[in-house]
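These are the residues of each chain, in order.
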Amino acid sequence: MARKPIIAGNWKMNNTAEEGAALVKALKPLIADAKCEVVVCVPAIDIPAVKKAIHGSKIKLGAQNVHFAEKGAYTGEISASMLLAYGVKYVIIGHSERRQYFGETDESVNKRTLAALKAGLTPIVCIGESLEERESGLTEKVLDRQLREGFKDVEDFSKLVIAYEPIWAIGTGRTATAEQANETIAYIRRRVKRLFPHKNAGRMRIQYGGSMNAKNAKELMAQPEIDGGLIGGASLKPDDFAAIVHFDR
Ligand code: PGA
């Protein structure tokens, strides 16, 4: 079965609820005939307003993090059931900014991923190497560790999405070349199959993320291993995001 492409916006810490609702209202008509899956991962406080604004469109709602406990004394955190109550379907887990600034580890990524899967959310789990790691030839070693630890005990890889985001390409305007991205994503898929046999890895979707934009999306998406994109900066502009969604035109 072919893997359905998935283009997801990661708004990060941008847009008030009102601004977010306006953004998706502008986006709706532009992507009405999209053939791929379209997701917007919005700040938690924007979720109610964006849920209302996407009504009647193909846009699916995503969050940017989820806690691993069902509830309890975890000040500042949000549970899977709270997200599900607002129709959230997807959740980004382990974004490099969370690993870098908020102490997220492979272990906490694993716990959040398992909790999201158990609740019925589709995790978009981010992995990727730093510039230093790439330049020291450590890319595969780092990815291998992130996969091994971050995906421990996952039973069905068709129920999650991996976003391969080389850290040096995020927000820098420096994209991996399409071939580089394709090669690394092929490695990730091979590795998941090897580390987790008989867990449906062949049906798992892998996105590329890192300075993907209206200009380079077509070339990246033409690569056989790349099943989608996780888009930061360009997802804040309806025209640019729509152009990426229409990579197949
Ligand atoms: P960018 O961000 O598209 O702005 O590089 C991608 C991401 O961090 O998910």
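Everything in this summary refers to the structure shown in the same document. Counting restarts for each chain: residues are numbered from 1 in the order of the written sequence. Predicted model: local features are reported for residues with pLDDT of at least 70 only, side-chain atom pairs are reported and counted for 80 or more only, and whole-chain, interface and lining totals are derived from all residues. Only hydrogens and water are set aside when side-chain values are computed; all heavy atoms of the structure are taken into account.

1. So, the packing of aromatic side chains
What counts, and what does not: Note on aromatic contacts: the rings of Phe and Tyr and the six-membered ring of Trp form a pair at centre separations within 6.5 Å, being stacked when their planes are under 30 degrees apart, edge-to-face when over 60 apart, and tilted otherwise. Working definition: with a 1.4 Å probe on protein chains only, accessible area under 20% of the residue-type maximum means buried, over 50% means exposed, and in between means partly exposed. Working rule: Lys NZ or Arg CZ, within 6 Å of ring centre, within 35 degrees of ring normal, means a charge sits over the ring.
The full count for this structure, using the stated rule, is 5 aromatic pairs. Ring centres of F68 and Y74 lie 6.5 Å apart, and the angle between their planes is 70°; on these two criteria the pair is classed as edge-to-face. Residue class for F68 comes out partly exposed when judged on its relative accessible area of 27%. Judged by relative accessible area, Y74 falls into the partly exposed class, the value being 40%. Put simply, the rings of F151, F157 and F196 touch in pairs and so form one group of aromatic residues. The lysine or arginine in question, K111, covers the ring of F68, its NZ or CZ lying 4.3 Å from the ring centre.

2. Quick look at the site of the ligand
Quick note on the threshold: A single heavy atom is enough: if one lies within 4 Å of a molecule or strand, its residue is considered near that molecule or strand. Think of a polar contact as two N or O atoms within 3.5 Å of one another; within protein, one of them needs to be a possible hydrogen donor and the other a possible acceptor, and neighboring residues in sequence only count if both atoms come from side chains. With residues, only the protein chains shown are counted as cover, and all accessible areas are computed by Shrake-Rupley using a 1.4 Å probe. Ten residues, namely Ala, Val, Leu, Ile, Met, Phe, Trp, Tyr, Cys and Pro, are considered nonpolar, four, namely Asp, Glu, Lys and Arg, are considered charged, and the remaining ones, Gly among them, are considered polar.
Surrounding the ligand, one finds 13 residues, the nearest of these being K12, H95, E165, G171 and S211. H95 has a polar side-chain atom sitting 2.7 Å from an oxygen atom of the ligand. Between the ligand and the protein, one listed contact pairs an oxygen atom with a backbone N or O atom of G233 at 2.8 Å. Considered on its own, the ligand offers 290 Å² of accessible surface; in the complex 95% of this is hidden by protein. In the shell around the ligand, the residues fall into 4 nonpolar, 7 polar and 2 charged.

3. Observations concerning the pairing of strand β5 (residues 122-127)
Operational definition: Runs of H or I in DSSP of at least four residues are treated as helices and runs of E of at least two as strands, each being numbered from the N terminus. Strand pairing is defined by DSSP finding a minimum of two bridges between the two strands.
Here β5 lies mainly inside the structure; 6 of its 6 residues are buried. Alternating residues of β5 divide into T122, I124 and C126 and P123, V125 and I127, and every residue in both groups is buried. Of the strand pairs in this sheet, strand β4 (residues 90-93) and β5 are connected by 4 bridges, and their pairing is parallel. Each residue of the ladder has a partner; that of V91, found in β5, is P123. Pairing geometry for β5 and strand β6 (residues 161-164), over 4 bridges, is parallel. When the bridges of β6 are listed, I124 appears paired with V161.

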